[in-house]
Every structure is written in C-alpha cells, then in structure tokens.
Amino acid sequence: MHILLDATAMAAAGQGNVLASRLIHRAHVEAGWYLYAPACALAEADRTRPGTAERLAALPAITVLDLDLPAALAVARHHTWAAAHCQYAAQPTPDRPDGAVIATTSPDAWIGEPVRVLDLSP
C-alpha cells in the first residue's frame with residue numbers, strides 16, 4: 001500500500017489525529033505499507049503547524065519526495081504547490097505501478113482530481 005500524506009494529513013498527525021497516527025504506526029510495523037511526504041506538501045504543513053516538517057521527516061517510515069524537474073514542471077501548472085506535488089506524486093511510477101492514495105483530512109479538496117483519496121477527517 002502506497003500512501004501520500006497531503007498537507008492537511010501531515011498537520012493533523014501533528015495535532016494528534018488518531019487515524020493519521022494509526023496510519024503512521026502501521027507503516028512502521030507492517031511490511032508492504034509505504035508513506036510518502038511530498039516536499040511541497042511538507043513545507044505547507046509546516047507553515048500551518050510549525051515543527052511538523054522536522055517531526056515527520058525524522059520518522060523512518062516516511063519517505064520525503066523531492067521536487068525533481070518533472071514534479072516542478074507539474075507544480076508550475078497548478079494553483080497550489082502542495083496539492084500539485086501530491087497529485088503528481090500519486091501518479092503511477094515504476095516503483096508504484098498502481099500509483100498512490102492521498103491521505104487527507106479535506107477530501108472535498110480532491111473532488112474532480114484524478115486521484116484516489118483516503119479520508120482521515122475525524
């Protein structure tokens with residue numbers, strides 16, 4: 001299972017969201033569960049809740065996805081960098097042939113986007 005944390009999910013994890021915490025725990029203890037933090041979304045989460053980026057980046061079960069050139073080109077075409085980087089990173093890759101699911105506490109923000117969503121809202 002490949003799951004991307006969007007900015008809202010990362011901020012929620014820092015505020016004690018039970019579902020986000022369970023997801024992080026599961027990625028630590030279960031083989032085949034992978035969590036990703038797109039760098040742009042991580043920066044946005046840190047703006048919302050200072051300290052979030054350092055805490056999440058320190059967790060061994062979370063892989064921070066860099067903003068490489070293809071991602072930067074995709075981000076340039078959208079309104080917000082955080083959402084654009086998540087949407088780009090959720091697309092299929094050789095490592096993630098089925099793509100990734102975006103974990104969020106704001107599922108309505110993803111309506112109409114070509115992504116799968118995991119609702120972490122309380």
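Look up: the structure comes first, before these words.
Residues numbered from 1 in each chain as written. Predicted model: local features only at pLDDT ≥ 70, side-chain atom pairs only at ≥ 80, totals over all residues. Heavy atoms only, no water.

Visitor: Just checking my understanding: could you explain the sheet that holds strand β2 (residues 34-38) for this structure?
Guide: Strands pair in a sheet through their backbones, by hydrogen bonds, and they do so in one of two ways: parallel or antiparallel. Within the open sheet, the 5 strands sit side by side as β3-β2-β1-β4-β5. Their pairing is parallel. Two strands lie at the open edges of the sheet, namely β3 (62-65) and β5 (116-119), each paired on one side alone. Within this sheet the neighbouring strands show an average axis-to-axis angle of 35°, counted without direction. Across 3 bridges, the pairing between strand β1 (residues 2-5) and strand β4 (residues 101-104) is parallel. When the sheet's bridge partners are listed, L4 is paired in β4 with I102. (Pairing = 2+ DSSP bridges. Helix = DSSP H or I, 4+ residues; strand = E, 2+ residues; numbered from the N terminus. Axes fitted to C-alpha atoms, helices over the stretch in contact; angles between N-to-C directions.)

Visitor: Please clarify how the pattern of salt bridges should be interpreted in this entry.
Guide: Opposite charge on two side chains lets them pair, provided their charged atoms get close. Enumeration over the complete set of coordinates arrives at 2 salt bridges. As a salt-bridge pair, E30 and R26 come within 2.8 Å of each other at their nearest N and O atoms. Residue class for E30 comes out partly exposed when judged on its relative accessible area of 33%. A relative accessible area of 36% places R26 in the partly exposed class. R47 is the partner of E44 in a salt bridge, and the nearest nitrogen-oxygen pair spans 2.9 Å. Within this pair, E44 and its partner R47 are both found in helix α3 (residues 39-48), separated by 3 residues, close to a single helical turn. The class of E44 is partly exposed, set by a relative accessible area of 30%. (Salt bridge = Lys/Arg side-chain N within 4 Å of Asp/Glu carboxyl O. Buried < 20%, exposed > 50% of the residue type's maximum accessible area, 1.4 Å probe, protein only.)

Visitor: Honestly, the packing of helix α1 (residues 7-14) against α3 in this entry has me stumped. Any pointers?
Guide: Helix-helix packing is characterised by the crossing angle of the two axes and by the distance between the axes. Interaxial distance between α1 and α3 falls to 8 Å at its minimum, and their mutual angle equals 45°. Regarding the angle of α1 to α3, the classification is oblique. Of the two elements, α1 crosses α3, and the hand of that crossing is right-handed. Facing α1, whose interface residues are A7, M10 and A11, α3 presents A41, L42, E44, A45 and T48. (Parallel < 35°, antiparallel > 145°, perpendicular 65-115°, else oblique. Left-handed = near helix turned anticlockwise from the far one by under 90°. Contact = heavy atoms within 4.5 Å.)

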